[in-house]
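For reference, the chains in residue letters:
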Amino acid sequence: MKRRQFLGLAGLTSLVGAIPGLSFGFPRLDLEAAPGLEMLELSEAQWRERLTDEAFNVLRKHGTEPAFSSPLDKEWGDGEYRCAGCDLLLFSSEMKYDSGTGWPSFFEHVEGHMLTELDFKLVWPRTEYHCARCGGHQGHVFEDGPDPTGLRWCNNGVALRFVPA
């Protein structure tokens, strides 16, 4: 049993994504945008027009949706997970797994479509990741995922759009 599963049994499942394994470790990833990927830059007013209030809060203001609130956490169909801000392909259904945290989780991402930065909002550092095209905040990546990568790309469902195959 993993530590985050033990914490979930103790009724602390909403804290699991915020305190992965109660570890101060974080993946140090040096990601680069794919060659030729054009940036999408919009004004705040344009983003507000394009996104729901919930998606704007997550993608543009680095918010986090409540655990277990996204239907995408329980989506198991074949297809693609795209950025809700700009429609860039971020994950495929083959990369998804059930982390038990209440957020859609993936063990891999589409190379060249994510960028990372350190996030100190909870005092200790975490690796936050963003869409490489629009800069929209997606979630955080942790080192408690399954093989073959050992990573958990913990994503806000409201920051994604699922496109069935």
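Residues numbered from 1 in each chain as written. Predicted model: local features only at pLDDT ≥ 70, side-chain atom pairs only at ≥ 80, totals over all residues. Heavy atoms only, no water.

In the nomenclature of an unreviewed UniProt entry, the chain is known as peptide-methionine (R)-S-oxide reductase of Vreelandella boliviensis LC1. UniProt, in the comment section headed Catalytic activity (unreviewed entry), describes the chain in these words: "L-methionyl-[protein] + [thioredoxin]-disulfide + H2O = L-methionyl-(R)-S-oxide-[protein] + [thioredoxin]-dithiol". (UniProt positions renumbered as here; feature names shortened; annotations may be inferred.)

### Overview of the overall build of the chain
Scanning the chain from N- to C-terminus turns up four helices and nine strands. For the chain, the α and β elements follow one another from N to C terminus as α-α-α-α-β-β-β-β-β-β-β-β-β. Evaluated residue by residue, the chain yields a buried proportion of 48% over its 165 residues. Pairs at least 24 apart in sequence give 59% of the contacts found in the chain among residues at least 6 apart. (Helix = DSSP H or I, 4+ residues; strand = E, 2+ residues; numbered from the N terminus. Buried < 20%, exposed > 50% of the residue type's maximum accessible area, 1.4 Å probe, protein only. Contact = heavy atoms within 4.5 Å.)

### Describing the sheet that holds strand E9 (residues 160-164)
Pairing is antiparallel across the open sheet formed by three strands, whose spatial order is E2-E1-E9. One side of each edge strand has no neighbouring strand; the edge strands of this open sheet are strand E2 (89-92) and E9. The sheet shows a mean angle of 30° between the axes of neighbouring strands, taken without regard to direction. With three bridges connecting them, strand E1 (residues 79-83) and E2 associate as antiparallel partners. Across the sheet, residue Arg-82 finds its bridge partner in E2, namely Leu-89. (Pairing = 2+ DSSP bridges. Axes fitted to C-alpha atoms, helices over the stretch in contact; angles between N-to-C directions.)

### A closer look at the state of the cysteines
Per the counting criterion, the structure on display carries zero disulfides. Distance from the sulfur of Cys-83, which forms no disulfide, to the nearest cysteine sulfur (Cys-134) is 3.6 Å. Overall, Cys-83 belongs to the buried group, its relative accessible area being 1%. (Disulfide = S-S within 2.5 Å.)

### A closer look at the pattern of salt bridges
Enumeration according to the criterion identifies five salt bridges in this entry. Note that Asp-144 is salt-bridged to Arg-152, the shortest N-O span being 2.9 Å. We classify Arg-152 as buried; its relative accessible area is 0%. Linked by salt bridges that have partners in common, Glu-80, Arg-82, Asp-87 and Arg-161 make up one network. (Salt bridge = Lys/Arg side-chain N within 4 Å of Asp/Glu carboxyl O.)

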